[in-house]
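Spelled out, the chains give:
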Amino acid sequence: MEEATRLIAVRHGETAWNVDTRIQGHIDIGLNATGLWQAQRAGAALADEPIGVVYASDLSRAWQTAQAIAEPHGLAVQPEPRLRERAFGNMEGLSFAEIEATLPAQAKRWRERDPEFEPEGGESLLTFRDRVTGVAAELAARHPGELVVLVAHGGVMDVLYRAATRQELQAPRTWQLGNAAINRMLWTPEGFSLVGWSDTAHLAVGGTLDETTT
């Protein structure tokens, strides 16, 4: 029987657009000062873990977070564009309030988590889920028995949680997706399973914003 791959999935640290409730999607926004601190705290919290490899979305906010985690282990971060956030197309760059005001029909389908809703120029939840679960399984399969870190985005964390707990895309979210939270799973060829979620003990001093767009 193939040995399970241990996965640690980490959402990037805070950005200015997180604070402003502005949709980032594929727009490349770096960490703010709080986010850089959170990334360093996550790196320190994982410094003694036997991490074999760190994969990250190639967007700066995830990449900076991943570097802080990889550095104590002397590892180079491996870029994986398929770990990017959901593409939100014409909604990217807008705040929640602006989306409600200017794109009410799209906002309604987004709020209702319509799996087939595809923002103009973006991707549907169905497409996004298939992308994320596909790449996470592919990366995990490369490293049986190892500890693999995936650094990505709130939407990616949400998809992984749903995959590990067998929840539908439209199920209301009752779990946290905080910046720089540490989430643990196992992967075998049978799929993902949950070990622990939303460990933020390392951020107790500063707190963490939840991902409100998923």
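Computed from a predicted structure; not experimentally measured.

Trainee: Before we move on, can you summarise the overall build of the protein chain with the specific residues and values?
Mentor: The secondary structure content of the protein chain amounts to 7 helices and 6 strands. In sequence order, the secondary structure elements of the protein chain are arranged as β-α-α-β-α-β-α-α-α-β-α-β-β. Relative to the globule expectation of 17 Å for 214 residues, the C-alpha radius of gyration of the protein chain, 16 Å, shows essentially globular dimensions. Overall size of the protein chain, expressed as C-alpha extent along the three principal axes, is 50 × 40 × 25 Å.

Trainee: How would you explain the pairing of strand S6 (residues 191-199) if you had to name every residue and give the values?
Mentor: Here 6 bridges tie strand S5 (residues 182-188) to S6, and the two strands are oriented antiparallel to one another. Across the sheet, the residue bridging to Met 185 is Leu 194, located in S6. In sequence, S5 turns back onto S6 through a hairpin of 2 residues.

Trainee: Can you lay out unusual backbone geometry for me, pointing to particular residues and giving the numbers?
Mentor: With a phi close to 50°, Thr 21 is a non-glycine residue in the positive phi region. Within the element layout of this structure, Thr 21 appears in the loop between helix H1 (16-19) and helix H2 (33-45). Even without being glycine, Arg 113 reaches a positive phi, approximately 55°. Arg 113 sits in the buried class, given a relative accessible area of 11%.

Trainee: Break down helix H5 (residues 104-111) for me, citing the residues and quoting the values.
Mentor: Among the residues making up H5, those that are buried are Gln 106, Ala 107 and Trp 110. Projected onto a plane normal to the axis of H5, the buried residues spread over an arc of 100° and lie on a single side. Opposite the packed face of H5, turned more than 90 degrees from it, sit the exposed residues Pro 104 and Ala 105. Downstream of H5 by one or two residues, Arg 113 has phi in the positive range, about 55°.

Trainee: Would you mind going over the pattern of salt bridges in detail, with residue names and values included?
Mentor: Considering all chains together, one arrives at 13 salt bridges under this definition. Put simply, Arg 84 and Asp 58 hold a salt bridge, and the shortest N to O gap is 2.7 Å. Placement of Arg 84 in the loop between strand S3 (78-79) and helix H4 (96-102) and of Asp 58 in the loop between strand S2 (51-56) and helix H3 (60-70) is noted, with a sequence separation of 26 residues between them. The exposure class assigned to Arg 84 is partly exposed, which follows from its relative accessible area of 22%.

Trainee: Hey, could you go over the side chain of Ser 124 for me, with residue numbers and the actual values?
Mentor: Tracing the chain through its elements places Ser 124 in the loop between H5 and helix H6 (125-141). In this structure Ser 124 comes out as buried when scored by relative accessible area, which is 5%. Looking at Ser 124, its side chain comes within polar contact range of the side chain of Thr 127, at 3.1 Å. Other than its neighbours up to four places away in sequence, Ser 124 contacts Arg 86, Pro 115, Glu 116, Phe 117 and Glu 118.

Trainee: Which residues make up the side chain of Glu 123, and what values go with them?
Mentor: Residue position: Glu 123 is located in the loop between H5 and H6. Among the polar contacts made by the side chain of Glu 123, one reaches the side chain of Arg 131 at a distance of 2.5 Å. Those residues in contact with Glu 123 that lie beyond four places of it in its chain are His 26, Glu 85, Arg 86, Ala 87, Phe 117, Glu 118, Phe 128 and Arg 131.

Analysis parameters
Counting restarts for each chain: residues are numbered from 1 in the order of the written sequence. Under the rules for a predicted model, residues below a pLDDT of 70 receive no local features and side-chain atom pairs below 80 are neither given nor counted, while totals for whole chains, interfaces and linings still include all residues. To obtain the side-chain values, all non-hydrogen atoms of the structure were included, while hydrogens and water were left out. What counts as a helix is a DSSP run of H or I of at least four residues, what counts as a strand is a run of E of at least two, and both are numbered from the N terminus. Radius of gyration: C-alpha atoms only; globule rule: 2.2 Å multiplied by the number of residues to the exponent 0.38. By definition, two strands form a pair when at least two bridges between them are found by DSSP. Partly exposed describes any residue whose relative accessible area lies between the buried limit of under 20% and the exposed limit of over 50%, with all areas from a 1.4 Å probe on protein chains only and scaled to the type maximum. To be clear, the arc concerns the directions from the helix axis to the C-beta atoms. Note on definitions: salt bridges are taken to be side-chain nitrogens of Lys or Arg within 4 Å of carboxyl oxygens of Asp or Glu. A 3.5 Å cut-off defines polar contacts: any pair of N or O atoms within that distance qualifies, except that in protein one atom must be a possible hydrogen donor and the other a possible acceptor, and neighbouring residues in sequence count only when both atoms are side-chain atoms. It only takes one pair of heavy atoms within 4.5 Å for two residues to be counted as in contact.

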